[in-house]
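A structural walkthrough
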Amino acid sequence: SRLLRPGARPVLEGSRVLRGEQWAARLLQRLPNDGRLQQWMLTDVKLLKEDQTSQVGLLEVDGECCYLKHYRGRTRLQSMLYRQGRGRPTRAFDGAAALWQAGVAVPRPLCCLSVPGGAVLLAEGIADARDLQDLAVENGLGAVDKHMLSAVASLLGCLHGAGYAHGDCKWSNLLCAGGHWYLVDLDSVSPCREGSPKQARDIARFTLNAEEMALSRQHFEHFLDTYVEATEWTRETLLSAVSPFLEKFRRRHRVRYGVRGHRLI
């Protein structure tokens, strides 16, 4: 109750602020106090994505466009961990906060709350953004030009140069709006030394998407050249470090989806 403004309506019972008290107070004024977040996300939020474990959408909070992710606890234990400030929601907030402070282009994290049966994460919203995979699928691979790949390579170089790895560096986690690129889905971010295997794994995951989308070798070589220029890697050591991870990803995706695209490394 100490978070409420005078005259404000009751907040969601059973909620707990985990990060970002000021923005949490604003968000609590928008959340349904009956606890039916899943239905509320469908009716009051511009839903972008939904799966068995989460819902993602855009929500206006005090006149600002915000990104909202509702994590649904799959088990009682997971819900309890969320309430204790453990698990993916707080990892995503803390990862975004660390990258924001390091000057890496990510949406600014605003708050994180535990809620009945799960948790919610609020971050800066990026209106009219499209991820790299959607751009390639909907507009054709020709839409992924060298300028775009240079920007993405520079962003990954900035991330790695700051001493972090993303942990799930697929095309759908690279977001573009107004010519600017951002990294999203940050619950697997981890600190590491520059040139570490974790960073090679990031490039391997990016490369897997490039292969499955049948990106041209010329464009992929341009991406590699730009990335190497932005980091301490040499081309030879990078390819040597990336190859084992890439082969593991290829095997896993062949089982799930069959053979797609062509090899670039």
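See the structure printed just above.
I will try to describe carefully the structure that is included in this document. (Residues numbered from 1 in each chain as written. Predicted model: local features only at pLDDT ≥ 70, side-chain atom pairs only at ≥ 80, totals over all residues. Heavy atoms only, no water.)

1. Quick look at the overall build of the chain
Just so we agree on the cut-off: Going along the chain from the N terminus, every DSSP run of H or I of four or more residues is numbered as a helix, and every run of E of two or more is numbered as a strand. The quantity called the radius of gyration is restricted to C-alpha atoms. Its globule counterpart is 2.2 Å times the number of residues to the power 0.38. Relative accessibility under 20% of the residue-type maximum defines a buried residue, over 50% an exposed one, and the middle range a partly exposed one, all with a 1.4 Å probe and only protein chains included. Residue contacts are counted whenever heavy atoms from the two residues lie within 4.5 Å of one another. In these tables, accessible area is a Shrake-Rupley quantity obtained with a 1.4 Å probe, and a residue counts as shielded only by the protein chains included in the view. Counted charges follow a simple rule, with Lys and Arg positive, Asp and Glu negative, and His plus the chain ends left uncounted. Working definition for charges: the position is that of NZ of Lys, CZ of Arg, CG of Asp or CD of Glu.
What the chain contains, in helices and strands, is nine helices and eleven strands. By the compact-globule yardstick of 18 Å for 265 residues, the chain fits well, its C-alpha radius of gyration being 20 Å. The buried share among the 265 residues of the chain stands at 47%. Excluding contacts between residues fewer than 6 apart, the proportion of contacts in the chain whose partners are at least 24 apart in sequence is 62%. Only carbon and sulfur atoms are counted for the fraction: they give 48% of the accessible area of the chain, which is about 13,000 Å². When the 36 basic and 29 acidic side-chain charges of the chain are each reduced to a single mean position, those positions are 7 Å apart.

2. Looking at the environment of G35
Relative to the helices and strands, G35 resides in the loop between helix 1 (21-28) and helix 2 (37-44). In the structure, G35 is positioned 80 residues away from V115 in sequence and 7.8 Å away in space, judged by C-alpha atoms.

3. Remarks on the sheet that holds strand 10 (residues 180-183)
The criterion, for reference: Pairing between strands is defined by DSSP: at least two bridges between the two strands are required.
Strand order in this open sheet of three strands is 7-9-10, and the pairing throughout is antiparallel. One side of each edge strand has no neighbouring strand; the edge strands of this open sheet are strand 7 (130-131) and strand 10.

4. Overview of the sheet that holds strand 2 (residues 46-50)
The test is simple: Axis definition: a line fitted to C-alpha atoms, over the contacting stretch in the case of helices. Angles run 0 to 180 degrees between N-to-C directions.
Here six strands make up an open sheet; going across it, the order is 1-5-6-4-3-2 and the pairing antiparallel. Edge positions in the sheet fall to strand 1 (16-19) and strand 2, since each of these pairs with one other strand and no more. Neighbour-to-neighbour, the strand axes of this sheet turn through a mean angle of 25°, independent of strand direction. Bridge analysis of strand 4 (residues 64-72) against strand 6 (residues 118-124) gives seven bridges, and the strand direction is antiparallel. Each bridged residue has a counterpart across the sheet, and for R72 the counterpart in strand 6 is G118. Of the strands in this sheet, strand 1, strand 3 (54-61), strand 4, strand 5 (109-115) and strand 6 touch helix 1, which is tilted by about 60° from strand 5.

5. Comments concerning the pairing of strand 3
A large share of strand 3 lies buried, amounting to seven of its eight residues. Here four bridges tie strand 2 to strand 3, and the two strands are oriented antiparallel to one another. Looking across to strand 3, one finds that K49 is bridged to V56. Counted between consecutive antiparallel strands, the loop separating strand 2 from strand 3 contains three residues. Taken together, the eight bridges between strand 3 and strand 4 define a ladder with antiparallel strand orientation. From the neighbouring strand, L58 faces strand 4, where its bridge partner is Y67. Joining the antiparallel neighbours strand 3 and strand 4 is a turn of two residues, in which D62 adopts a positive phi near 50°.

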